[in-house]
Amino acid sequence: MLKLATRNIGLENSHTLAVARANGAYSRLEKALAMAPEAIVEDVIKSNLRGLGGAGFPAGRKWSFLPKDSPKPRYLVVNGDEGEPGTVKDKYIMIHDPHLLIEGIIITCYAIRSHKAFIYIRGEYDLPIERMERAIAEAKDAGILGERVMGRDFALDIVVHRGAGAYICGEETSLLESLEGKRGWPRLKPPFPAVEGYQRCPTVVNNVETLSYVPFVIEMGGQAFADLGCERNGGLRMYSISGRVNKPGIYELPMGTPLRQIIYDYAGGITDGRRLKAVIPGGSSCPILTADEIDVPMDFDSLAKIGSMLGSAGIIVFDETVSLPEALLVLTRFYAHESCGQCTPCREGTAWMAKIIQRIIDGLGRPGDADNLIRVARNVLGNTICPLGDAAAMPVMSWVTKFRPEFEEWIRRGRPVSESPVPVTRIGERLERAAV
Amino acid sequence: MPKLTIDDRTIEVPAGTTVIQAAEKLGIYIPRYCYHPGLSIAGSCRMCLVEVEKAPKLQIACYTFVTDGMVVRTTTEKVTIARQAILEFLLANHPLDCPVCDQAGECKLQEFYMQFGQYDSTLLENKLKKHKAMPIGPHIMLDSERCILCSRCVRFVDEVTKTHELGIFNRGDHSELLPVKGVTVDNAYSGCLADVCPVGALTDRDFRFKVRVWYLDKTESVCHGCARGCNIEIHSNRRRTHHNDGRLIARLKPRFNGEVNHHWMCDTGRYSYKSIESDDRLVQPLVRLTGKGQEKSDWTLALAQIDEQVTHQVGRSGVAAAAVIATPALSNEELWAARGLFLQGMKIEKIAHRCTPDPNGVEDSLLRKTDTFPNSFGANLIIGQPHTADPTVDTILEAAAAGKIKTMFVIGGGLLERYSTDLLREKLRNVETLIAIQTHRSVLTEMATVALPMTSFAEMDGSICNFEGRVQRYNQAMPPVGQSRPLLDTLADLANRWELKTAPRQPENCFAELAQNAGYFAGLSYETLGDGGVNPSRRSATAATT
């Protein structure tokens, strides 16, 4: 099984410069520094490397949007604010192979002619922050970073910035606001960050995982990297799988690997041999899939075709005993809590949806509630400044639509229902039991 | 210039125009909360969503810049549903306390609900509790529950006053507009916050609960607080006289004039209306008869007394011992009539308007000017013409103190702000015939041989010139207080008694006469001045270049 970004994970002291270097780190950088910056951008475009933070925008094309003739400095901002529920991939790279990320950052900065990069890391990520800071210091001492990168006439400084605990700061423009020391409110677009980003200067914002694949694009060449994946989705990516599977974890697999294969072959199937009920394919914002829909290839375009999203590839598996209305309550409460409050539909809509679902769970559902949930979600969808509104609306619409009988049953009976002989586990009960 | 179509109507507008502005030019009103032409674009309320052809989603009209060939629709079903949805969201946590809310009648939530909402609410959930009736400054009351978080006020204190007192705190639907901890919203323009707030979240502490806004009549006027001449509306309460503590003027509001004050006015000006109906107004003529004290009188007697006393005094001590103070608180017309009567008719050479500056005058980069007289520019033009003596108020007061002035007219307000009561009493001690034509009681009316009440700017029409020379009209908003009369009438009556040429009693005609005789005002009339005024100096500058 080919491994790229996870290749060094599992080696002893893989986070240290010595171990990383012995296992290939910075050898791709040598190769890149011998190339023309434009050639690197070309190669990355050819590689079909997509934005792996969730949006799936082709990375090379994003780089090529930087204005050619701007006198302003350019910045690379690395999005390590990994907050999408179900997604834990960036954390592992930063903990176990920080030098891989640094190498990707240096190559990217060289390609886009930037001399300063920021890594914005989620505030709760103590160990990743510590590891990244130590790795940057090591790289500086070794002459890999600084005034003369690898002894060449190219200067680069990397700064680690710690987030303060807001999901919204994973959205690139609010991340930039936060990085500038302001409140993390998304910006109106245009201008996009490529034109006016950090401090109103041209800025590329890329996810940790995306940049960690850049060294491999250089190593094997754009075409070879693209060939690893499927059409228009180059290379591999890291699928985080959690929920009711036997072997939850991170699996680095080619783009386009069928979801069924990931669940049953890699993650070992459903816990206790139960039946699969539903899957969130790419992080909690992505519309849910039913058990019948899991033969889909896990790439951006195939999932879009069936009305869902690959997103950050955070797969969450629900078996037949999971009470979906309660699980949806957890999600809607999350979005209501994390809505920044700037624009009306998201601010009021997310909280409203959470209140309706809470009421249904409390046994006070009314006949029109399911329709109203879908209506409120539809009124949020597409009408907000940033994608958080959509992220909150899509699960509500898809869950209530696809599993409507379960919601209606809750509304009618005021308590959970299960079609299977296995008793439904209530999330609240489980938490209470754990507390005892 | 890009040409676009909005609701099947085509318009050509300059590049950089937004859809909301282009629509406005076509007379199509797109509802909005956070958009305010005087502030930066927030794009957060989402009320102005419109359909733009080829765009997959609805676009906010306030931040969509026009492009050539753009096709915009503002009345489609999709837009209608979106507007209803936004209103429903905005009202989800709104207390709906219209019956006890002072904004009722001028609240954009009410207005847009009636125009664009009219849905049946499906909301069953409890509403959030937030801060209520929280005084955040000397003039502003905050009700956070009514706030729709449009951030207009935050942008106002950030961008216009640059005082940064307000912020939005917390996240999601717990977001709340609050003053920064330990800070009072007491900037010099804080009253504007009640104007920019589209709902009842920020209300004017001075105005709230005085009178319902639908009872108010609006009169276009010009603030008399300083030389800026901010364009204002006087809101008067003529229909519910038992409200507003029995007073007619309920509040002043700024009126947009891009050349003068944009959308704003300062608090000093905003609350200056109180003096118009204050208890110290001079409400009837006062006459001091020989050998007796000062007594309340009537106009016939008072005018007869002036006739007799002034004729007698001037006859005895000569016109050289007579002086007139006509302050720049007077309108162009009043100054013109005063000049006609005193300088040209009575040949009094000592006619002064220039005073010591007001020690309380403040200047800032926004609106306020140090000169707290509204019409110094006009007074300079009309009274302070090339003139050998060209005396100032100070030289006249000195001459009076030295006993060289026996007859004196003191017309118009503003002296008490610049000279202390004691000083005036001392300086005017030797004036034998003192005629005070004043709006308010003071040491001047107290010492006067005859004191006549005159109308304030709210009680008559007139025009003034601001510090840049812009000539601006103001209109009568209320009947004269007490027995006070317009100065033009008083001066005309006196001129008639002395068989001198009278200036027209109608301000409009008086202005026409001024325009014929004073070059600066040439060609102007009340009609050409319009609502926003004219700056003749700029007009000649443009005329010279074309």
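Residue numbers restart at each chain and count upward from 1, following the sequence in its written direction. The lettering of chains begins at A and the numbering of ligands begins at 1, in the order of writing. Reporting of local features is limited, given that this is a predicted model, to residues whose pLDDT is at least 70; pairs of side-chain atoms are given and counted only at 80 or more, and all residues count toward the totals for whole chains, interfaces and linings. With hydrogens and water stripped out, all remaining heavy atoms of the structure feed into the side-chain values.

**Section: the overall build of chain A**
Here's step 1: Helix and strand definitions here come from DSSP, where helices need a minimum of 4 consecutive H or I residues and strands a minimum of 2 consecutive E residues; each element is numbered from the N-terminal end. Each helix and strand counted, chain A has 18 helices and nine strands in total.
Here's step 2: Seen through its principal axes, chain A has C-alpha atoms that stretch 70 × 45 × 45 Å.
Here's step 3: The buried label goes to any residue with under 20% of its type's maximum accessible area, the exposed label to any with over 50%, and the partly exposed label to all in between, with areas taken from a 1.4 Å probe on protein chains only. Counting across all 436 residues of chain A, residues that qualify as buried make up 60%.
Here's step 4: In this description, contact between two residues means that some pair of their heavy atoms is separated by no more than 4.5 Å. Intrachain contacts of chain A at a sequence separation of at least 6 include 70% that bridge at least 24 residues.
Here's step 5: The positive charge centre, built from 52 side chains, and the negative charge centre, built from 53, are 3 Å apart in chain A. Asp and Glu are treated as the negative residues and Lys and Arg as the positive ones, with His and the ends of the chain left uncounted. In plain terms, the charge of a residue is placed at NZ if it is Lys, CZ if Arg, CG if Asp and CD if Glu.

**Overview of the pairing of strand 3 (residues 49–52) of chain B**
Residues and elements named next belong to chain B.
Here's step 1: The sheet contact formed by strand 3 and strand 4 (residues 59–60) spans two bridges and is antiparallel. By the bridge assignment for strand 4, V50 is matched with Q59.
Here's step 2: As consecutive antiparallel partners, strand 3 and strand 4 are separated by six residues, and within that stretch K54 has a phi angle of approximately 80°, a positive value.
Here's step 3: Taken together, the two bridges between strand 3 and strand 5 (residues 71–73) define a ladder with antiparallel strand orientation. Looking at the pairing, V52 lines up with V72 of strand 5. In short, DSSP must find at least two bridges between two strands for them to pair.

**A word on the nonpolar core**
General note: in soluble globular proteins, nonpolar side chains tend to be found buried as a group.
Here's step 1: Membership of the largest hydrophobic core comes to 149 residues, with the highest contact counts inside it found for F318 and W399 of chain A together with Y33 of chain B.
Here's step 2: In this structure, F318 of chain A is in contact with L276, K277, A278, I280, I288, L324, A327 and W399 of chain A, ignoring residues within four places of it in sequence.
Here's step 3: Ranked by size, the runner-up nonpolar core spans 83 residues in total, among them A20, I40, L100 and V204 of chain A. Buried Ala, Val, Leu, Ile, Met, Phe, Trp, Tyr and Cys residues form a nonpolar core when they are joined through side-chain atoms within 4.5 Å.

**Observations concerning the side chain of R270 of chain B**
All names here are of chain B.
Here's step 1: Assignment of secondary structure puts R270 in helix 6 (residues 267–270).
Here's step 2: Residue R270 is classed as buried on the basis of its relative accessible area, which comes to 2%.
Here's step 3: Here a polar contact is recorded for every N or O atom pair within 3.5 Å, except that within protein the pair must consist of a potential hydrogen donor and a potential acceptor, and residues adjacent in sequence are included only if both atoms are side-chain atoms. Within the structure, R270 has its side chain in polar contact with the side chain of D195 (distance 2.6 Å).
Here's step 4: Every residue in contact with R270, bar those within four places of it in the chain, is listed here: G191, C192, D195, D204, L252, K253, P254 and M265.

**Things to note about the interface of chain A and chain B**
A common way to report how large an interface is uses the accessible area buried once the components associate.
Here's step 1: Counting from both sides, the interface comprises 38 residues of chain A and, opposite them, 36 residues of chain B.
Here's step 2: Defined here as a combined quantity, buried area equals the accessible surface (1.4 Å probe) lost by two parts on assembly, summed across both. Buried surface at the junction of chain A and chain B, both sides included, amounts to about 2800 Å², of which 52% is carbon and sulfur.
Here's step 3: If you sort the residues of chain A by the area they bury against chain B, L188, W352 and K355 of chain A come out on top, with a joint share of 22%.
Here's step 4: We define a salt bridge as a contact between a side-chain nitrogen of Lys or Arg and a carboxyl oxygen of Asp or Glu at a distance within 4 Å. Our count for the chain A to chain B interface comes out at four salt bridges.
Here's step 5: Where chain A packs against chain B, one counts 18 residue pairs in polar contact (both at pLDDT 80 or more).
Here's step 6: When residues of the side of chain A that touches chain B are traced back to their parent elements, those giving at least two are helix 13 (324–338), helix 14 (344–361) and helix 15 (369–380) of chain A.
Here's step 7: By residue number, the principal contributor to the side of chain A that touches chain B is helix 14 of chain A, which donates 10 residues.
Here's step 8: Polar here means any residue outside two lists: the nonpolar Ala, Val, Leu, Ile, Met, Phe, Trp, Tyr, Cys and Pro, and the charged Asp, Glu, Lys and Arg; Gly therefore counts as polar. Grouping the constituent residues of the side of chain A that touches chain B by class yields 15 nonpolar, 12 polar and 11 charged.

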